[in-house]
Amino acid sequence: DLTPWECSSSEEYQRCQMEIQLVREAMYERAARGMSQKKILVVFDRGMLDNKSYMTEDEFARVLADLQRTEDELRANYDAVFHLVSAAKGATEFYSTDTNMIRYETLEEAAALDDRFILAWQKHPHFRIVENKGSFDDKLQDLLQQLRDFLEES
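How each quantity is defined
Residues numbered from 1 in each chain as written. Predicted model: local features only at pLDDT ≥ 70, side-chain atom pairs only at ≥ 80, totals over all residues. Heavy atoms only, no water. Phe/Tyr/Trp six-rings, centres within 6.5 Å; stacked < 30°, edge-to-face > 60°. Helix = DSSP H or I, 4+ residues; strand = E, 2+ residues; numbered from the N terminus. Buried < 20%, exposed > 50% of the residue type's maximum accessible area, 1.4 Å probe, protein only. Salt bridge = Lys/Arg side-chain N within 4 Å of Asp/Glu carboxyl O. 1 Å grid on protein atoms, 1.4 Å probe; cavity = no way out; pocket = protein on both sides within 12 Å on 5 of 7 lines; lining within 4 Å. Points joined across faces, edges and corners; volume = space filled by probe spheres on them. Nonpolar A, V, L, I, M, F, W, Y, C, P; charged D, E, K, R; others polar. Contact = heavy atoms within 4.5 Å.

**A few points about the packing of aromatic side chains**
Then comes step 1: Scanning the model with the defined rule gives four aromatic pairs in all.
Then comes step 2: Pairing Y28 with F44 gives two aromatic rings, centres 5.7 Å apart and planes at 85°, and the pair type is edge-to-face. Of this pair, Y28 sits in helix α1 (residues 10–33) while F44 sits in the loop between α1 and α2 (57–67), and the two are 16 residues apart along the sequence.
Then comes step 3: Taking the relative accessible area as the measure of exposure, F44 reaches 24% and is therefore partly exposed.
Then comes step 4: Ring centres 6.4 Å apart and planes at 80° place the aromatic pair F82 and F150 in the edge-to-face group. Residue F82 is located in strand β1 (residues 81–84), and its partner F150 is located in helix α5 (residues 136–153); the two are separated by 68 residues in the primary sequence.
Then comes step 5: Classification of F82 as partly exposed rests on a relative accessible area of 21%.
Then comes step 6: Look at F150 and you get buried, because its relative accessible area is 8%.

Right under this line is the structure:
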């Protein structure tokens, strides 16, 4: 896996991540088109605009120019976006850098990053936020219900 400390800059790392994501998304879309089922659900853990949260506006603009894409084009590639709020917001007792080797943000940094994710995706017409309410199982049930609701709408 590519890690931030292996790249010359954070911007370069995000550019690489976005290039990889574009290839992965195209591959899954091509595979889905070849399947016989009427409806195919493709789920990604991360979307292209997540990367924006790790960059300045200028860095993001440069990366978009390099990729020859616009922010609106990237956003439009997703039928729906479901954001699971970080444990850093509303479930702080479960947020720890000790239990996740690649998690390096402090609680405050993670909460701010979560806000930037929401800001990056807020213009998507089917953007849903899954809050921390109760247990993690409750959160997953909320996600599944929101997903069912979206699928019934479309």
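Picking up after the structure, the text goes on.
**Observations concerning the pattern of salt bridges**
Then comes step 1: Throughout the structure, instances matching the rule amount to 13 salt bridges.
Then comes step 2: Among the ionic pairs, E11 bridges to R15, the shortest N-O distance being 3.2 Å. Residue E11 and its partner R15 are both found in helix α1; the two are separated by four residues, about one turn of the helix.
Then comes step 3: Relative accessible area serves as the criterion here: at 12%, E11 is assigned to the buried category.
Then comes step 4: The salt bridge partner of D115 is K89, with a shortest N-O separation of 2.4 Å. Placement of D115 in helix α4 (residues 107–121) and of K89 in the loop between β1 and α4 is noted, with a sequence separation of 26 residues between them.
Then comes step 5: Here D115 falls in the partly exposed class, since its relative accessible area comes to 41%.
Then comes step 6: In the salt-bridge network here, residues are joined through shared partners; they are E11, E12, R15, R62 and D66.

**Topic: the layout of surface pockets**
Then comes step 1: In this model, the second largest pocket occupies a volume close to 190 Å³.
Then comes step 2: K52, S53, M55, T56, E57, E71, R75, R116, L119, A120, Q122 and K123 together form the lining of the second largest pocket.
Then comes step 3: Listing elements by their share of the lining of the second largest pocket, those giving two or more residues are α3 (71–76) and α4.
Then comes step 4: Sorting elements by how many residues they give to the lining of the second largest pocket places α4 first, with three residues.
Then comes step 5: Taken together, the residues of the lining of the second largest pocket sort by class into three nonpolar, three polar and six charged.

**Regarding the side chain of N51**
Then comes step 1: The residue N51 is located in the loop between α1 and α2 in this model.
Then comes step 2: If we ignore the near neighbours within four places in the chain, the residues touching N51 are Q14, Q17 and M18.

Remember that the coordinates give geometry; whether it matters functionally is a separate question.
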